[in-house]
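Topology and contacts: notes
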Amino acid sequence: GENVEQHPSTLSVQEGDSAVIKCTYSDSASNYFPWYKQELGKRPQLIIDIRSNVGEKKDQRIAVTLNKTAKHFSLHITETQPEDSAVYFCAARPYGGSQGNLIFGKGTKLSVKP
Amino acid sequence: DTEVTQTPKHLVMGMTNKKSLKCEQHMGHRAMYWYKQKAKKPPELMFVYSYEKLSINESVPSRFSPECPNSSLLNLHLHALQPEDSALYLCASSQGDRGGYEQYFGPGTRLTVT
């Protein structure tokens, strides 16, 4: 079955710097890759996603890139702000998971220092 | 309405109690999910309902019993739980098989088993 690896497990940056979180997946047929942000004590919040027929997607300070050949995808946050501090989870949806089954990475705790 | 709601927010129960968690969405989504999340871990899929039918049961112990009374409601009945079942229980929904892979999470129920 699908396996998602996420790195790093913790990331500390200065406010204004960029942050990059990387994930790799094992099932080449996976076709959907969302990213969730979870603040302490709150729900996971979908912040951006990408489908397998797209290489890059951007939404203001957040972008996701997908390399299907290498089976990895990355989250890029530019001009980081203290409110970006949270745990970020990547996920992959295996093809044929018609019920929307998502396989999550283990998470990255991002700390943005003012 | 673009939210998934869950009640109660917090629940403390003894190992002999019977309780239920409730989840509701009014986005017309036809897939609904129960996840369990332990501290500092990603959400772990428990059950998936697709068009009100149970489609995935990830080998969850029978002390957890899901129910989908209609397309907007999802319940999780709890009975004879163990202390290790203490966790954040998250409900999520998505459009279902007809596209729209995005899953939206509710705020969760923080369950403590004493």
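Before reading further, recall that the structure is shown in the block above.
Report follows, based on the coordinates.

Conventions we followed
- Residues numbered from 1 in each chain as written.
- Chains lettered and ligands numbered in written order.
- Predicted model: local features only at pLDDT ≥ 70, side-chain atom pairs only at ≥ 80, totals over all residues.
- Heavy atoms only, no water.
- Helix = DSSP H or I, 4+ residues; strand = E, 2+ residues; numbered from the N terminus.
- Rg over C-alpha atoms; globule rule 2.2 N^0.38 Å.
- Buried < 20%, exposed > 50% of the residue type's maximum accessible area, 1.4 Å probe, protein only.
- Contact = heavy atoms within 4.5 Å.
- Lys, Arg positive; Asp, Glu negative; His and termini not counted.
- Charge placed at Lys NZ, Arg CZ, Asp CG, Glu CD.
- Polar contact = N/O pair within 3.5 Å; in protein donor to acceptor, adjacent residues only side chain to side chain.
- Buried area = accessible area lost by both parts, 1.4 Å probe.
- Salt bridge = Lys/Arg side-chain N within 4 Å of Asp/Glu carboxyl O.
- Nonpolar A, V, L, I, M, F, W, Y, C, P; charged D, E, K, R; others polar.
- Phe/Tyr/Trp six-rings, centres within 6.5 Å; stacked < 30°, edge-to-face > 60°.
- Lys NZ or Arg CZ within 6 Å of the ring centre and 35° of its normal.
- Pairing = 2+ DSSP bridges.
- Axes fitted to C-alpha atoms, helices over the stretch in contact; angles between N-to-C directions.
- Core = buried A, V, L, I, M, F, W, Y, C linked by side-chain atoms within 4.5 Å.

On a plain count of helices and strands, chain A comes out with zero helices and 11 strands. Ordered by position from the N terminus, the helices and strands of chain A form the series β-β-β-β-β-β-β-β-β-β-β. For 114 residues, the compact-globule estimate of 2.2 N^0.38 gives 13 Å, and the C-alpha radius of gyration of chain A, at 14 Å, lies within 12% of that figure. Within chain A, the fraction of its 114 residues that count as buried is 46%. Sequence-distant contacts in chain A: of pairs separated by 6 or more residues, those separated by 24 or more amount to 53%. In chain A, the 14 positive side-chain charges and the 12 negative ones have mean positions that sit 5 Å from each other.

A word on the side chain of Gln37(B). Relative to the helices and strands, Gln37(B) resides in strand β4 (residues 31-37). In terms of polar contacts, Gln37(B) uses its side chain to reach the side chain of Gln38(A), at 2.8 Å. A polar contact of 2.8 Å, which involves the side chain of Gln37(B), links it to the backbone oxygen of Lys41(B). Setting aside anything within four residues of it in sequence, one finds Gln37(B) in contact with Gln38(A), Phe89(A), Pro42(B), Pro43(B), Ala87(B), Leu88(B) and Leu90(B).

Each partner contributes residues to the interface: chain B has 25 residues there, and chain A has 19 residues. Summing both partners gives a buried area of about 1,800 Å² for chain B against chain A, and 54% of it is carried by carbon and sulfur. Here chain B and chain A share zero salt bridges between them. Taken together, the connections running from chain B to chain A amount to four residue pairs in polar contact (both at pLDDT 80 or more). For the side of chain B that touches chain A, the elements supplying multiple residues, two or more each, are β4, β5 (44-50), β6 (53-57), β9 (87-94) and β10 (104-105) of chain B. Of the residues belonging to the side of chain B that touches chain A, the class tally is 14 nonpolar, six polar and five charged.

Another aspect to go through is the packing of aromatic side chains. Under the criterion given, the structure shown has 13 aromatic pairs over all chains. On the basis of an interplanar angle of 55° and a centroid distance of 6.0 Å, the ring pair of Tyr25(A) and Phe73(A) is categorised as tilted. Taken as a pair, Tyr25(A) in strand β3 (residues 19-25) and Phe73(A) in strand β8 (residues 72-77) lie far apart in primary sequence, 48 residues in all. Pairwise contacts between aromatic rings join Tyr36(A), Phe89(A), Phe104(A), Tyr33(B), Tyr35(B) and Phe105(B) into one cluster. For Arg51(A), the ring lying beneath its charged end belongs to Tyr101(B), and the centroid distance is 4.3 Å. The cationic tip of Arg93(A) hangs over the ring face of Tyr101(B); the distance from NZ or CZ to the ring centre is 3.8 Å.

The strands that make up a sheet pair up through hydrogen bonds in the backbone, lying either parallel or antiparallel. Residue and element names in this part refer to chain A. If you trace the five strands from one edge of the open sheet to the other, you get β1-β3-β8-β7-β6, paired in antiparallel fashion. Where the open sheet ends on each side, the last strands, each with one partner, are β1 (4-7) and β6 (56-59). Direction aside, the axes of adjacent strands within the sheet are offset by 15° on average. As defined by bridge partners, β3 adjoins β8 across six bridges and the pair is classed as antiparallel. Across the sheet, the residue bridging to Ala19 is Ile77, located in β8.

With 24 residues, the main nonpolar core has Trp35(A), Phe73(A), Leu75(A), Tyr88(A) and Leu110(A) as its most contacted residues. Of all elements in the fold, only β2 (10-14), β3, β4 (32-38), β5 (45-51), β7 (62-67), β8, β9 (86-92) and β11 (108-113) of chain A reach the threshold of two or more residues within this core. Excluding residues that lie within four positions of it along the chain, Tyr88(A) makes contacts with Gln6(A), Ile21(A), Tyr36(A), Lys37(A), Ile47(A), Leu75(A), Ile77(A), Gly107(A), Thr108(A) and Leu110(A). Of all hydrophobic cores here, the second largest spans 22 residues; its members include Leu21(B), Cys23(B), Cys91(B) and Val113(B).

Before going further, it helps to spend a moment on the environment of Glu15(A). Residues and elements named next belong to chain A. Mapped onto the elements of the fold, Glu15 is located in the loop between β2 and β3. Residue classification places Glu15 among the partly exposed residues on the basis of a relative accessible area of 42%. Sequence separation between Glu15 and Trp35 is 20 residues, and the spatial gap between their C-alpha atoms is 21 Å. Excluding anything up to four places from it in sequence, Glu15 contacts Thr80, Gln81, Pro82, Val112, Lys113 and Pro114.

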